[in-house]
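Chain and residue survey
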Amino acid sequence: MELVLTKMHGLGNDFILVDDRDGRVAGRYPYPDLARKLCDRHFSIGGDGLIVVLPSQSCDMAFAIFNSDGSEAGMCGNGMRCFARFLYEKGLLRQKVITVETLSGPVVCILENDEEDRVMGVRVDMGPPRLLPADIPFVWDGGKEPLEVALKVLDQTFQVTPVSMGNPHAVIFMEDIDPVPLEIWGPAVENHPSFPEKTNVEFVQVLSPESIRVRVWERGAGVTLACGTGACAALVASVLTGRTGKKVEVLLPGGRLLVEWDDRSGHLYKSGPAETIFETSIRI
Ligand SMILES: N[C@H](CCC[C@H](N)C(=O)O)C(=O)O
């Protein structure tokens, strides 16, 4: 079977996109298996995840995201920017405001184009954070929303703020995030029994009320250079714990995202780049 694939990234968080609106791929190759195969950086194209373009009854298009380990996630912030640019530049949609169906609900993308109609960036309405333990999900009997909950992990006790942006995140604040052994602490938090669906993990260093640094261990993908939903979760935890205002720059190893938690709508908005690296076709 011939597959046309497009490689894209958002701040170095890289994805392989495939248009399966006709269902040909799903009929021959289950998406989790395809993600594991194509995301392998030695034996195939390589990427943090596979994004599938699907038809939608309720929105302009539907979006599915599979991590490099094959697990499916409810949402992906960097991938969503790539998805919007892909739809516009491939001519699948020609409007600049796109509604997208995801496992965790509808998302609105606004293409930011220059005077030559080139996509310079994408602004995404990421919706509201989910903070109730059952919605994250996070095992917690402390009554109110969990903020800086003590979590024993290996030989450490982390103060964790769980936040969902349609996918689970464990936000941990530290004075200095550079020494963090991500490959050790990341999977230990990801797989902690308090997170029945596992979790993405963000170590956050607050630089000022308008600026934070974040390093990420992603559920199902490991260390990534950026995480859009993680940047949003980090902002939410920063605001709820009184560390920042509601509009911050989030500095990730792969680059900078602007994230804002809008008072009126309660939604988070994230703006950043989405780049196309190459297009290819392979036989599977
Ligand atoms: N690993 C995530 C999905 C990708 C999210 C991330 N790449 C982003 O930009 O939000 C999860 O399993 O929830």
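Just so you know, the residues in each chain are numbered from 1, in the order the chain's sequence is written. At least 70 in pLDDT is required for a residue's local features to be given in this predicted model, at least 80 for side-chain atom pairs to be given and counted, and no such filter applies to totals for whole chains, interfaces and linings, which use all residues. For the side-chain quantities, the full set of heavy atoms in the structure was used; hydrogens and water were omitted.

Under the annotation held in an unreviewed UniProt entry, the protein carries the name Diaminopimelate epimerase and is attributed to Desulfobotulus pelophilus. Here the protein is described in UniProt, under the heading Pathway (unreviewed entry), as follows: "Amino-acid biosynthesis; L-lysine biosynthesis via DAP pathway; DL-2,6-diaminopimelate from LL-2,6-diaminopimelate: step 1/1." Check the Sequence similarities (unreviewed entry) section of the UniProt entry for the protein; it says "Belongs to the diaminopimelate epimerase family." UniProt positions are given in the numbering used here, feature names are shortened, and annotations may be inferred rather than shown by experiment.

A single heavy atom is enough: if one lies within 4 Å of a molecule or strand, its residue is considered near that molecule or strand. Near the ligand there are 15 residues, and of these Asn67, Gly77, Glu218, Gly228 and Thr229 occur at the shortest range. As used in this structure description, the phrase polar contact means that two N or O atoms lie within 3.5 Å; if the pair is within protein, one of them must be able to donate a hydrogen and the other to accept it, and residues adjacent in sequence are counted only when both atoms belong to side chains. Between the ligand and Asn13 there is a distance of 2.9 Å, counted from a nitrogen atom to a side-chain nitrogen or oxygen. One of the side-chain N or O atoms of Asn167 is found 2.9 Å from an oxygen atom in the ligand. Using a 1.4 Å probe, accessible areas were evaluated by the Shrake-Rupley method; residue-level cover was limited to the displayed protein chains. When the free accessible area of the ligand is taken as 360 Å², the share hidden by the protein chains comes to 99%. Of the two site types, the cavity is a set of points on a 1 Å grid over the protein atoms alone where a 1.4 Å probe fits but cannot get out, and the pocket is an open set with protein on both sides within 12 Å along at least five of seven lines, each lined by residues with an atom within 4 Å of a point. Being in a pocket or cavity means that more than half of the molecule's atoms lie within 2 Å of its grid points. Because more than half of its atoms lie within 2 Å of the grid, the ligand is assigned to the largest cavity.

A word on the layout of surface pockets. Where empty space is left can be seen by rolling a probe of water-molecule size over the atoms. A volume near 190 Å³ is recorded for the largest pocket. In this text, helices come from DSSP runs of H or I with a minimum length of four residues, and strands from runs of E with a minimum of two, each type numbered from the N-terminal end. Among the elements of the structure, β1 (2-10), β2 (13-19) and α1 (24-28) are those that each provide at least two residues to the lining of the largest pocket. Considering every element that reaches the lining of the largest pocket, the biggest residue donor is β1, with 4 residues. Grid points are joined across faces, edges and corners, and a volume is the space filled by probe spheres set on the points.

Here we take up the nonpolar core. Throughout, nonpolar core names a set of buried Ala, Val, Leu, Ile, Met, Phe, Trp, Tyr and Cys residues whose side chains join them through atoms within 4.5 Å. Per-residue accessibility, obtained with a 1.4 Å probe over protein chains only, is compared with the maximum for each type, and a residue is labelled buried under 20%, exposed over 50%, and partly exposed between these values. Judged by nonpolar contacts, the single largest core of 56 residues is most densely connected at Met80, Phe83, Val250 and Leu268. By residue number, the principal contributor to this core is helix α5 (residues 228-240), which donates 8 residues. Domain start and stop points were drawn from an automatic or database domain assignment. A domain-level breakdown of this core finds at least three residues from each of domain 1 (2-125 + 272-283) and domain 2 (133-266). Of all hydrophobic cores here, the second largest spans 19 residues; its members include Phe138, Ala170, Leu182 and Trp217.

Another point: the pattern of salt bridges. Throughout this description, the term salt bridge denotes a Lys or Arg side-chain nitrogen within 4 Å of a carboxyl oxygen of Asp or Glu. This structure, assessed with the given rule, holds 17 salt bridges. Between Glu89 and Arg85 there is a salt bridge; the shortest N-O distance is 2.9 Å. Linking Glu89 with Arg85, this pair stays in helix α3 (residues 77-89), spanning 4 residues, or about one helical turn. A relative accessible area of 41% places Glu89 in the partly exposed class. Where Arg243 meets Glu148, a salt bridge forms, and the shortest distance between an N and an O atom there is 3.3 Å. Of the two residues, Arg243 sits in the loop between α5 and β15 (247-252) while Glu148 sits in the loop between β8 (119-127) and β9 (149-153), which places them 95 residues apart along the sequence.

Our next topic: the packing of aromatic side chains. Between the rings of Phe, Tyr and Trp (Trp by its six-membered ring), a pair exists once the centres lie within 6.5 Å; its type follows the angle of the planes, with under 30 degrees stacked, over 60 edge-to-face, and the other angles tilted. Tallied over the entire structure, the rule returns 7 aromatic pairs. Look at Phe158 and Trp185: their rings are 5.0 Å apart centre to centre, the planes differ by 65 degrees, and that puts the pair in the edge-to-face class. A residue pair is termed long-range when its members are at least 10 positions apart, and Phe158 in strand β10 (residues 156-164) and Trp185 in helix α4 (residues 182-190) qualify at 27 residues. Overall, Trp185 belongs to the buried group, its relative accessible area being 14%. Taking 6.0 Å as the distance between ring centres and 45 degrees as the angle between the ring planes, the aromatic pair formed by Trp185 and Phe203 counts as tilted. You can see Trp185 sitting in helix α4 and its partner Phe203 sitting in strand β12 (residues 200-208), a full 18 residues away along the chain. Here Phe203 falls in the buried class, since its relative accessible area comes to 0%. Through pairs of rings, three or more aromatic residues link up here, namely Phe138, Trp140 and Phe195. Sitting above the plane of the Tyr88 ring, Arg94 keeps its charged end 4.0 Å from the centroid. Across from the ring centre of Phe173, 3.9 Å away, lies the NZ or CZ of Arg243, which sits over that ring. Should the NZ of a Lys or the CZ of an Arg lie within 6 Å of a ring centre and within 35 degrees of the ring normal, that charge is described as sitting over the ring.

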